[in-house]
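Tertiary structure, described
Residues per chain are reported as follows:
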Amino acid sequence: MSKKTILKNTVMNLYPAYVKKIIFNQLKETSDFNFNFKTPDEIFNLLLNYNKTLSAVEMYDYQKPFRHFCYFKYSNLNEQKIKMLIEQGKIIIFNPKFEKPVDEFDITTSKPTIYQLENQIFFKFSYLLNDKINDKSIKYPVLAVFDKINNWLEIRFDRIGLAYKNSPIFYKEKIDGVLEYFSRNFELEITHIDFKAVVEYMISNKTDITFMAKKMLRNGTMAHLEAYEDEETSLPIIGELEKLLEENKILFEKNSDTQKILNLLENFLTAIEIKSDLPVVKIKLNDTETKFGITHNYKGAEYSLFMLYGELIGGEMMDNVKNYVMQCCREFDTKISSDAVPEK
């Protein structure tokens, strides 16, 4: 099966209509093609025969919002090593000005392509996936983005149908493969971020987000908590008890004995939050309405997996999450540092 056929299968079978429309509009602005066809599919069946279109599809991989992503901190990025691997032909440069496809892909591994901006370096790993039942092959991209200002590495990828997966830990294998590639080829130092601790900080300190859902693990029992659109999540009974204490605060402060009872109950509620584990949370950014989930220790790994909810329109959704989470990490690190400094 030719490379062009595989790319065509990918676009026609996996890309939703709104993505085809985005690429179509980009081509329409810069080309002299005749677009007098009835449907986007008819248009793409023709356009995907041209290298210019395939190059636009590859460019969209660098711009699109992905459903899933992971964050890491890194140090010692050796850009001279990157330059050397490019000169050796082990990394392929993508330049949209050339208007030709350059992605290479194989079943188990791929030669990455690189696309560079002033403060970001994008690596794209493209994998050939096969649906043996329907005899279809597609290209599956995994993107690694180096933020050179903040020294953050982000790995992005999308969901894929069961027919194309060859492992129950398919996504984890792709994440680990990318991390291993950078460690092996660049001697990059990658640090896992303790997002479980960061989320606990967010729960206690942030008022500009809403926790839409939680999975709370306590004493071996898992509680699944969902909230309505504009409500916070709370454990059944626990939330009612907190409300009861607040509404009867004057009664509990009547004398020293009732005050002791109030303190005992408040300490008990605090202990539940502290000692309980939150392996999964779903969060809404109140100002942008962006909703995302975090799964800690994904498939037993040290890192957390992020997921966007809703329709993926615009790369700003990923930027919203990254900027907010990054800010929370900075605040949390500052808090930890200040707490660690002993008072004179």
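Residues numbered from 1 in each chain as written. Predicted model: local features only at pLDDT ≥ 70, side-chain atom pairs only at ≥ 80, totals over all residues. Heavy atoms only, no water.

This paragraph deals with the overall build of the protein. Secondary structure summary: the protein contains eleven helices and 13 strands in total. The buried share of the protein, reckoned over its 344 residues, is 45%. A separation of at least 24 residues holds for 59% of the contacts in the protein among residues at least 6 apart in sequence. Counting only carbon and sulfur atoms, one obtains 51% of the accessible surface of the protein, whose full area is about 18,900 Å². (Helix = DSSP H or I, 4+ residues; strand = E, 2+ residues; numbered from the N terminus. Buried < 20%, exposed > 50% of the residue type's maximum accessible area, 1.4 Å probe, protein only. Contact = heavy atoms within 4.5 Å. Areas by Shrake-Rupley, 256 points an atom, 1.4 Å probe, with all protein chains shown as cover.)

When you line up the elements, Glu58 lands in helix α4 (residues 51-63). Judged by relative accessible area, Glu58 falls into the buried class, the value being 0%.

This part is about the pattern of salt bridges. Tallied over the entire structure, the rule returns 14 salt bridges. For the salt bridge of Arg184 with Glu180, the shortest nitrogen-to-oxygen distance reads 2.3 Å. Taken together, the residues Arg184 and Glu180, both in helix α6 (residues 170-186) and four residues apart, mark about one turn of the helix. Given a relative accessible area of 41%, Glu180 falls into the partly exposed group. Here Glu289 and Lys284 are joined by a salt bridge, their closest N and O atoms 3.9 Å apart. Residue classification places Glu289 among the partly exposed residues on the basis of a relative accessible area of 42%. Linked through salt bridges whose partners overlap, the residues forming this network are Asp61, Asp103, Lys124 and Lys139. (Salt bridge = Lys/Arg side-chain N within 4 Å of Asp/Glu carboxyl O.)

One full turn of an α-helix is made of 3.6 residues, so residues set three or four places apart face in the same direction. For helix α5 (residues 79-87), the side-chain oxygen to backbone nitrogen distance between the N-cap and Gln80 is 3.0 Å, and the N-cap itself is Asn78. Phi turns positive one or two residues past the end of α5, at Gly89, with a value near 80°. (Polar contact = N/O pair within 3.5 Å; in protein donor to acceptor, adjacent residues only side chain to side chain.)

Turning our attention to the layout of surface pockets. Space inside the second largest pocket adds up to approximately 430 Å³. Contributing to the lining of the second largest pocket are 20 residues, with Leu14, Pro16, Lys64, Asp158 and Arg159 lying nearest its centre. Going through the elements one at a time, α1 (3-14), α2 (17-30), α4 and β6 (136-147) are the ones with two or more residues in the lining of the second largest pocket. Grouping the constituent residues of the lining of the second largest pocket by class yields twelve nonpolar, one polar and seven charged. (1 Å grid on protein atoms, 1.4 Å probe; cavity = no way out; pocket = protein on both sides within 12 Å on 5 of 7 lines; lining within 4 Å. Points joined across faces, edges and corners; volume = space filled by probe spheres on them. Nonpolar A, V, L, I, M, F, W, Y, C, P; charged D, E, K, R; others polar.)

A few words now on unusual backbone geometry. Unlike most non-glycine residues, Glu187 shows phi in positive territory, near 55°. You can see Glu187 is positioned in the loop between α6 and β8 (189-192). Phi is positive for Lys299, close to 50°, though the residue is something other than glycine. Following the sequence through the fold, Lys299 ends up in the loop between β12 (291-295) and β13 (305-308). Take Lys299: its relative accessible area is 48%, and that puts it in the partly exposed class.

Our next topic: α4. With 13 residues, α4 should reach 18 Å at 1.5 Å per residue; the first-to-last C-alpha distance of 19 Å fits that figure. With eleven of its 13 residues buried, α4 lies for the most part within the structure. Among the residues making up α4, those that are buried are Lys52, Thr53, Leu54, Ser55, Ala56, Val57, Glu58, Met59, Tyr60, Asp61 and Tyr62. (Expected span 1.5 Å × (residues − 1).)

Attention now goes to the environment of Val142. Tracing the sequence through the fold places Val142 in strand β6. Measuring from C-alpha to C-alpha, the distance between Val142 and Phe66 comes to 9.4 Å, with 76 residues separating the pair along the chain. Aside from chain neighbours lying at most four places away, what touches Val142 is Phe123, Lys124, Phe125, Tyr127, Ile155, Arg156, Phe157, Lys174 and Val178.

Another aspect to go through is the nonpolar core. Counting 39 residues, the largest nonpolar core has Phe195, Met202, Phe292 and Phe306 as its most contacted members. In contact with Phe306, not counting residues within four places along its chain, are Arg67, His68, Phe69, Tyr71, Phe195, Phe292, Gly293, Ile294, Val321 and Val325. The next biggest cluster of nonpolar side chains, apart from the first, holds 36 residues, and it includes Ile82, Phe125, Phe157 and Tyr164. (Core = buried A, V, L, I, M, F, W, Y, C linked by side-chain atoms within 4.5 Å.)

On to the packing of aromatic side chains. Counted according to the given criterion, the structure contains 28 aromatic pairs. A ring pair is formed by Tyr181 and Phe186, whose centres lie 5.9 Å apart and whose planes are at 75°; its orientation type is edge-to-face. What makes Phe186 buried here is its relative accessible area of 3%. Through a chain of ring-to-ring contacts, three or more aromatic side chains come together here, namely Tyr74, Phe123, Phe125, Phe146, Tyr181, Phe182 and Phe186. The ring of Phe66 is capped by Lys64, whose NZ or CZ atom sits 4.6 Å from the centre of that ring. The ring of Tyr127 has Lys174 lying over it, and the distance from NZ or CZ to the ring centre is 4.9 Å. (Phe/Tyr/Trp six-rings, centres within 6.5 Å; stacked < 30°, edge-to-face > 60°. Lys NZ or Arg CZ within 6 Å of the ring centre and 35° of its normal.)

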